[in-house]
Amino acid sequence: MHFSSRLLEQAVEEFGRLPGIGKKTALRLVLHLLKQPNSDVSRFTHSIDQLKEQIRYCKTCFNISDHDVCEICAAVKRDHAMVCVVEDTRDVMAIENTNQYQGVYHVLGGLISPMDGVGPSDLKIDALIERLKKDDVREVILALSATMEGDTTIFYLYRKLKDFNVQISTIARGIAFGGELEYVDEVTLGRSIATRVPYERNIG
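Thresholds, definitions, all that
Residues numbered from 1 in each chain as written. Predicted model: local features only at pLDDT ≥ 70, side-chain atom pairs only at ≥ 80, totals over all residues. Heavy atoms only, no water. Helix = DSSP H or I, 4+ residues; strand = E, 2+ residues; numbered from the N terminus. Buried < 20%, exposed > 50% of the residue type's maximum accessible area, 1.4 Å probe, protein only. Contact = heavy atoms within 4.5 Å. Areas by Shrake-Rupley, 256 points an atom, 1.4 Å probe, with all protein chains shown as cover. Core = buried A, V, L, I, M, F, W, Y, C linked by side-chain atoms within 4.5 Å. Arc of directions from axis to C-beta. Patch = residues over 30% accessible without salt bridge, like charges linked within 9 Å, V, L, I, M, F, W, Y side chains within 5 Å. Salt bridge = Lys/Arg side-chain N within 4 Å of Asp/Glu carboxyl O. UniProt positions renumbered as here; feature names shortened; annotations may be inferred. Pairing = 2+ DSSP bridges. Right-handed = clockwise from strand over helix to strand, strands pointing away. Axes fitted to C-alpha atoms, helices over the stretch in contact; angles between N-to-C directions. Disulfide = S-S within 2.5 Å.

A. How the structure looks around the overall build of the protein. Scanning the protein from N- to C-terminus turns up 9 helices and 7 strands. Considering the protein as a whole, with its 204 residues, one finds that 38% of them fall into the buried category. Sequence-distant contacts in the protein: of pairs separated by 6 or more residues, those separated by 24 or more amount to 56%. Surface summary for the protein: the accessible area is close to 12600 Å², and the carbon and sulfur share equals 51%.

B. Structural view of the nonpolar core. Among the nonpolar cores identified, the biggest contains 41 residues, and I95 and L157 are the most heavily contacted of them. If one sorts the elements of this core by residue count, strand β3 (residues 79-86) sits on top with 5 residues. With near-sequence residues (within four places) excluded, L157 lies in contact with V85, L108, I125, L128, L142 and L144.

C. Looking closely at helix α6 (residues 125-134). Of the positions making up α6, those classed as buried are I125, L128, I129, R131 and L132. Taken down its axis, α6 places every buried residue within 155° of arc, on the same side. Away from its buried face by more than 90 degrees, α6 exposes D126, K133 and K134. Of the surrounding secondary structure, the elements contacted by the buried residues of α6 are α4 (71-74), β3, β4 (103-107), β5 (139-142) and α7 (148-161).

D. Focus on a nonpolar patch on the surface. A contiguous nonpolar surface patch, about 260 Å² in accessible area, is contributed by F44, I48 and L51. Position of I48 among the secondary structure elements: in helix α3 (residues 38-54). Among the residues examined, I48 registers a relative accessible area of 40% and is labelled partly exposed.

E. Region of interest: the UniProt feature "zinc finger region: C4-type" (unreviewed entry) in the protein. UniProt's entry tags residues 58-73 with the feature "zinc finger region: C4-type" (unreviewed entry), counted in the numbering of this structure. Segment residues 58-73 splits into 19% helix and 12% strand. End C-alpha atoms: 8 Å apart.

F. Representation of the pairing of β3 in the model. By the criterion of burial, β3 is predominantly enclosed, with 6 of the 8 residues buried. Here β3 runs beside β4; their pairing, made up of 5 bridges, is parallel. Residue C84 lies in a different strand from β4, and its bridge partner there is Y105. Each parallel crossover has a hand, and the one from β3 via helix α5 (residues 89-96) to β4 is right-handed.

G. Focus on the sheet that holds strand β7 (residues 197-198). Spatially, 5 strands are ordered β4-β3-β5-β6-β7 in an open sheet, and the strand pairing comes out mixed. Of all strands in the sheet, those with a lone pairing partner are β4 and β7, marking the two edges. Pairing analysis gives 2 bridges linking strand β6 (residues 167-170) to β7, with the strands arranged antiparallel. Paired with S169 across the bridge in β7 is P198. Across the sheet, α5 lies against β3 and β4, angled at about 160° from β4, the strand it touches most. Docked against the sheet, α6 engages β3, β4 and β5, running at close to 145° with respect to β4.

H. Focus on the pairing of β6. The sheet contact formed by β5 and β6 spans 4 bridges and is parallel. From the neighbouring strand, I141 faces β6, where its bridge partner is S169. With α7 bridging β5 and the parallel β6, this β-α-β connection has right-handed handedness.

I. Representation of the state of the cysteines. Per the counting criterion, the structure on display carries 0 disulfides. Free of any disulfide, C58 has its nearest cysteine sulfur in C61, 3.8 Å distant.

J. A look at unusual backbone geometry. Positive phi is not limited to glycine here, since F62 has a value of about 70°. Positive phi values are uncommon outside glycine, yet N99 reaches one of about 60°.

Structure (structure tokens):
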């Protein structure tokens, strides 16, 4: 792709680093920004600067938050004895959109994937174990994607958590194998949460 400006090329290269953004899409976005008033572009860049400088991760569940403790963990009306374990913030958002779950969450920050060099120590698994030791947790719901990495992580977590006095369950498999939670429709995901099953039943 030939560029008439080095500044234009640099901007396109940076936008092209974003996931799912190819060179043509990046060019279209950059040209769009060039047409916008300076005030709009300044507001856009300011929001990105604020995001990087001020965003926090909840010290309890590791969800993205504006505060040290996220709104979900701080809510007294939530069932804090029920912890839903998810891969990342996108899954929290997907489950919250179903309005079918009133417990709290624990964000792992990824899935076990030896092919990608991601092991248990790279995830927030130790923090989950410490949480079970000190909090009065009744049930842990393993709501991870129906992929090889998701199943591997679920099995690893089950082995780590099975000796705790908590019920360990997984979401019902109304979700096709290979499916990621963020792309599942709200009705199916909500039903999968509501009809969750004990994990032992899947390995027995």
